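Structural description and commentary
In case you want the letters, here they are:
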Amino acid sequence: SQQGEEDPQALSIQEGENATMNCSYKTSINNLQWYRQNSGRGLVHLILIRSNEREKHSGRLRVTLDTSKKSSSLLITASRAADTASYFCATGGDAGNMLTFGGGTRLMVKP
Amino acid sequence: KAGVTQTPRYLIKTRGQQVTLSCSPISGHRSVSWYQQTPGQGLQFLFEYFSETQRNKGNFPGRFSGRQFSNSRSEMNVSTLELGDSALYLCASSLKAINTGELFFGEGSRLTVL
């Protein structure tokens, strides 16, 4: 079963705009990660934020984590057409390398 | 450094048959985990192996099994295939024993059951 939900399920924006995706989860976590998937292909790791961190940046990506609300958000600034993909949040606990994924947000960036 | 390699990339089977999928992790990675991705259920964890031992198992029936070899390569097997087993099966490898970093995913094996 999935850990939580992602919101929105689909997002369509113009190039240059910012894209924000939200993720909620249910249980306590060790860390939260965001992955990207181009249509029908493997997942690519974007960023990891630990449970004791509140915000993290990587290039055009900004991730926030609110453990009290069990939620996270991914912001992609100045979106490009190449950012078109599905984005998944995944939570990791203490059980090895098992990740629990959200349902994903399908992002379309129009040129 | 070569990435995670999954074979075959595409395959078609009929109900009742069995299938074996293979995953070669990144060199030096000892943890291999498997995920099933379907439109209806999303990404679901199947199992994880570390140093030839299954450490975690997801909520899947016993028809789904796996193993890991001494060179860290892993295989998963699905017996008595059902239509609902049609999915993209993703393998991921990790250097560390516990989740302190990213998982590296392969391109997946797309299974169609007719």
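What comes next is a walk through the structure. Nothing here was measured: the structure is a model prediction, and the numbers come from that model.

**What to know about the nonpolar core**
W34(B), L46(B), F64(B), M76(B) and Y89(B) are the most contacted members of the largest nonpolar core, which has 21 residues in total. Residue assignment for this core shows that the elements contributing at least two residues are β3 (19–24), β4 (31–38), β5 (42–50), β8 (74–78), β9 (87–94) and β11 (109–113) of chain B. Core analysis: the second largest hydrophobic core is formed by 20 residues, M21(A), Y25(A), L74(A) and C89(A) among them.

**Remarks on the packing of aromatic side chains**
If you walk through the whole model with that rule in mind, you get nine aromatic pairs over all chains. Their ring planes at 70 degrees and their centres at 5.5 Å tell us that Y35(B) and F45(B) sit as a pair that is edge-to-face. Of this pair, Y35(B) sits in strand β4 while F45(B) sits in strand β5, and the two are 10 residues apart along the sequence. Since its relative accessible area comes to 0%, Y35(B) is described here as buried. Residue classification places F45(B) among the buried residues on the basis of a relative accessible area of 8%. Aromatic ring contacts, followed pair by pair, group Y35(A), F88(A), F101(A), Y35(B), F45(B) and F105(B) into a single cluster.

Parameters at a glance
Residues numbered from 1 in each chain as written. Chains lettered and ligands numbered in written order. Predicted model: local features only at pLDDT ≥ 70, side-chain atom pairs only at ≥ 80, totals over all residues. Heavy atoms only, no water. Core = buried A, V, L, I, M, F, W, Y, C linked by side-chain atoms within 4.5 Å. Buried < 20%, exposed > 50% of the residue type's maximum accessible area, 1.4 Å probe, protein only. Helix = DSSP H or I, 4+ residues; strand = E, 2+ residues; numbered from the N terminus. Phe/Tyr/Trp six-rings, centres within 6.5 Å; stacked < 30°, edge-to-face > 60°.

Limitation: the analysis is restricted to geometry and does not speak to function.
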